[in-house]
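Working through the structure, step by step
So the chains spell out like this:
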Amino acid sequence: MIVIVETPEPVSVPQQLKISGTIKDVNGAPLPGTNILEKGTTNGVQSDFDGNFSITVLNESSVLVISYIGFETKEVAVGNQTQFSIILNEDAASLDEVIVIGYGATIRKKDLTGAVSSANLEKVSEFANVSVLQALQGSVAGLNVGATQTAGQNPVISIRGQNTLSSNNGANAPLIVLDGIIYRGNIVDINPADIGSIDILKDASSAAIYGSQASNGVILITTKKGETSLKPTIEYSASYSIQSPTGNAFVPMQAAEYEEFYQDIFWAEGGRLGPDFLQVNPDYVWQGNFKTNEIAQGYADGIDIPWWDLFTGDGFVNTHNVSIRGKTEAFSYFLSGGITDQEAFLENDEYTRYNFRANIDVKINDWLKIGTQAFVSIGDYSGEDAGFSTPFRLQPWAPISDENGEIIPQPEGFVLNPFLTTAQDDSNIDKNYFSNLYADVKLPIKGLSYRLNFSNNYRTQNTYRFNPSGNGFTGSGFKDYAESWDWTLDNILTYKKTFNQDHNFNVTLLYGVEKRNINSFRATGNQYDVDLLGFDFLEAGDPLQNEIESEKEVESSLYTMARLLYDYKNKYYFTGTIRRDGFSGFGTNDKTAVFPTVGLGWVISNENLFKDSSWLNFLKVRGSYGQTGRRGVGRYDTLGVTEREADYVFGDGSSPFLGQENISLPNDELTWETTTGTNVGLDFALFDSRIRGNVEYYNNKTENILFNIDIPVITGFDDINTNIAEVSNHGLEFTLSSTIVKTDAWSWEASVNFSRYRNKIESILGADVDGDGIEDDLIENSLFIGEPQGVIYDYEVIGMWQLADEADGSIWPGFLPGTYILNDLDDSGDISSLDDRKIIGNRDPDYRFGIANTVNYKNLSLYVFINSIQGGSDFYYGNDSPHAGVNWGNSGTLASANVPSGAWDYWMPENPNAKYRRLDAASALGGNIYNQRSFVRLQDVSLSYSFPSQILEALKLSKLNLFVSGRNLATWTKWNGQDPEIVNINNVNQNNQNIVNRGFSAGIPQLKSYSMGLNVQF
């Protein structure tokens, strides 16, 4: 036997290659923390503080993918090099930034044809933002964000002003879309630390994909996802903020000051001696005006109760968040949990939120990808505060308890002792469960894909309260339970294709359905014999007084949409969208509506004429035109609603029978409000993109606005809701950013945003009763054809009547010394509500602006943001009169109320030139003082330090950042109220218009905050 043994040839093993290099910007400044990834693998590193990196790759064929926030991503072939010097270019005016535009589509900012803005969220974690909306205040042109005062509160938001007649906040709120799904829940339930980006769709062209719900604009919130890394990234952030009132907060008087003020109330009722009333009447017993014996005794005993201090105090916000994220070729995940604990300024005004999130993406194979975005939020609002006005309704002489130590229930005579209010057993828990399950399928045709979204949002609100002092101190309790279940099914077909390297198409087709189910239940118990179990034993109340109420509502929507994004050579752009909506809440004749839009863009800088320009980097003009809608009506507003109550008794001694009555008239013609809008924009970047910005002009017109029309009372009703009114709205916005300084050690970025809008009432009822050829105004609603909606229509105050006018008989009938002289506009010799009122000004702002500056020196970063709202000559007015409220209007109310320390400049015989009228009484026709609320506010300041790579390596960390910050640190204004942004609504009419904005009144003050915190990554 012959055995032949062959020696195998050695197998060739690919030789790994170690390479190194530096990464810098165009100015030669190193870029620490740059991601260097071997393409097609999970092999990656980050550059150190000096921009240096070292990585071992498979072979010479490897490609490095270099990415850094704010810079263009770059791919570098390794080849036979081992040492690299890589320069990254900044995104031209962030124009390569990816923008979310809805229904799974993202495009580069420079490819837009509509008005879309992206919020800068870089500094969100450095301030006490319980709601992410607080972080947007003043920072985005055209986005109006109000102030917050209470725990767990969302600010009021609107985009580009008001496109309808209703001043109700909900009627003007934008649509919220969370991870591609229309979101109906509370925004404060969304943890700001989980949010990756926020994009705002402002014009018809960009927002029309949401059709009948988009006339107020759309806010797209996208949460974070996993990021490619060698190992999972664990991140922990924490912050603690102290909150206290700003310097102009109102604080009630204490006994000594209040006693002096109190006597001025009764100067004309015997407190002063005539005829000049400058001398105090020694025989007048002003203490006789006390409303209760307890207060009289408290004064006699010399007590001085600091009611304000007892039920207010500095608040805090304590936040902790932890997350873990990672990404491989087949699996991506972002998991997070957080807790936010807030105690606000009022005692028992508290909020605690628990957040849990899981965003998971799984690549099953080359053609199928599935995943979910899910979160759970629990919000605890439990606790009953005393109310912001209560300390102003209790005099310092009002005792807390009697001689036996028992709480006096109503020391003022009417107001419940706040110690009893805050002792109520109150449980208020909100729960929010959200999940979107999706599947992405690559279809056999190249560029064609299908996405299925199935989302569920289940929310509950449980409010339980027992008040031992309720129902005439016999005890009252209730349990409120409300639940909402929304589900959405979206079928999205997308086709992306480039033909001949020049023609780029992106087509989206949508077919979807949404259904909402709302259930509520309320049980109350009154007049308890035994109240030990409170709201957990409601049946202990009197059966004849106990009540049970329940409701169920259902609505459904069906919609289709088609959108085409096209560009030729990245130079000429076209966007076309059409959406068809159906809604169950509208009448049978108008269940559906169609909303078309078109947008065009031209990148002028890509023309040959500007190719070699040394100063012009980017210039684009764009325009759009189209329609969006607003539903505006409730689920059953087109139907006649019947109410059933036990309110009919037949015969003496019989029990009440259930009776029915119609409480609203049906109107089967109700349909959408339709807003037709035009938007023109200009985007630019100059001088190596050191100066960049955009300008927007828009003009909207809304028709078929819902308005309650008065009808004859013989019908049994007062009014009926009808599509009839018409308003217009136009405005100007611009944003300008600049890189002022950029060196190895220093950088200075500055930006300014500006917005201004005007609305006008074009038509209301179309009636011309007086026959003058001009449509009649609705004066009782302060609605005037051709004028803005927010006008203040009142008498004009031109002076003050004096004692001398009364003495010589020149004072007009119905007026008193120390009351306002009103302008007799028609020179008739008297004052008439029909002929002598005029438009004083407008409540809306004239313009808004914000200025941001970020200065970096090595590892230090200083951020300063100034926010301002201005009234110009005729805008941003408010009622500045202390007597406009219910507590400080006359001697009867002032006799049992407290007032702010320092009071106000009120008329007295010795102060004839005062700003405000006398304390005790008004004239028959009244009158108010209106002033502008213009302000400039130092809103945000933060100083942060990022530890260098040497320390991070020693601590085995990838990131460590410490910060201190302050919010609302200073405000410059001439407004006399507590804060120019915070006004109390005195009255709302039947069509939800705010009638008066009161500023000089008891209320929760604007709060300033000081924060410190850290962010660390492992």
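A brief report on the enclosed structure follows.

Quick notes on the rules
Along each chain, numbering runs from 1 in the same order as the chain's sequence is written. With the structure being a predicted model, the display of local features is reserved for residues of pLDDT at least 70 and the display and counting of side-chain atom pairs for 80 or more, all residues being used for whole-chain, interface and lining totals. Each side-chain value is derived from all of the structure's non-hydrogen atoms; neither hydrogens nor water enter the calculation. Going along the chain from the N terminus, every DSSP run of H or I of four or more residues is numbered as a helix, and every run of E of two or more is numbered as a strand. Every radius of gyration here is taken over C-alpha atoms, with the globule rule written as 2.2 Å times N^0.38, N being the number of residues. Note on classification: 1.4 Å probe, protein chains only; a residue is buried when its accessible area is under 20% of the maximum for its type, exposed when over 50%, partly exposed between these limits. Contact between two residues is taken to exist if any of their heavy atoms lie within 4.5 Å; hydrogens are not considered. For the purposes of this section, nonpolar cores are sets of buried Ala, Val, Leu, Ile, Met, Phe, Trp, Tyr and Cys residues that join through side-chain atoms within 4.5 Å. Two strands qualify as a pair provided that DSSP identifies no fewer than 2 bridges between them.

1. Some thoughts on the overall build of the protein
Helix and strand content of the protein: ten helices and 50 strands. A compact globule built from 1018 residues should have a C-alpha radius of gyration of about 31 Å, and the protein, at 33 Å, falls within 12% of that. For the protein, the C-alpha atoms occupy an extent of roughly 140 × 65 × 65 Å along the three principal directions. Scored against the burial criterion, the 1018 residues of the protein give a buried share of 51%. Considering only contacts in the protein between residues 6 or more positions apart, those separated by 24 or more positions represent 68%.

2. Examining unusual backbone geometry
A cis geometry characterises the amide bond from Gly274 onward to Pro275, with omega recorded as 5°. Within the element layout of this structure, Pro275 appears in the loop between strand 18 (272-273) and strand 19 (279-280). Positive phi is not limited to glycine here, since Asp179 has a value of about 50°. When you line up the elements, Asp179 lands in the loop between strand 13 (175-178) and strand 14 (181-182).

3. Digging into the nonpolar core
One recurring pattern in soluble globular proteins is that nonpolar side chains are buried together. Counting residues in hydrophobic clusters, the biggest one holds 51 residues, and the most contacted among them are Phe261, Tyr262, Trp888 and Trp904. The element best represented in this core is helix 2 (residues 255-264), accounting for four residues. Every residue in contact with Trp904, bar those within four places of it in the chain, is listed here: Phe261, Pro882, Trp888, Val899, Tyr916, Leu919 and Phe1000.

4. Details of the sheet that holds strand 13
Read across the sheet, five strands follow the order 10-15-16-13-14 without closing on themselves; strand pairing throughout is mixed. The two strands at the open ends of the sheet, each matched to only one other strand, are strand 10 (116-118) and strand 14. As judged from the six bridges shared by strand 15 (residues 195-201) and strand 16 (residues 218-223), these two strands associate in the antiparallel manner. Directly across from Ile195, in strand 16, lies its bridge partner Thr223.

5. Some thoughts on the environment of Asn186
If you trace the backbone, Asn186 turns up in the loop between strand 14 and strand 15. The class of Asn186 is partly exposed, set by a relative accessible area of 27%. Taking the C-alpha atoms as reference, Asn186 lies 9.9 Å from Ile176; in sequence the two are ten residues apart.

6. Details of the pairing of strand 8 (residues 98-102)
Within strand 8, four of the five residues are buried, which leaves it mostly tucked inside the rest of the structure. Remark: two residues form the turn of the hairpin made by strand 8 and strand 9 (residues 105-108), two consecutive strands paired antiparallel; Tyr103 in that turn has positive phi of roughly 55°.

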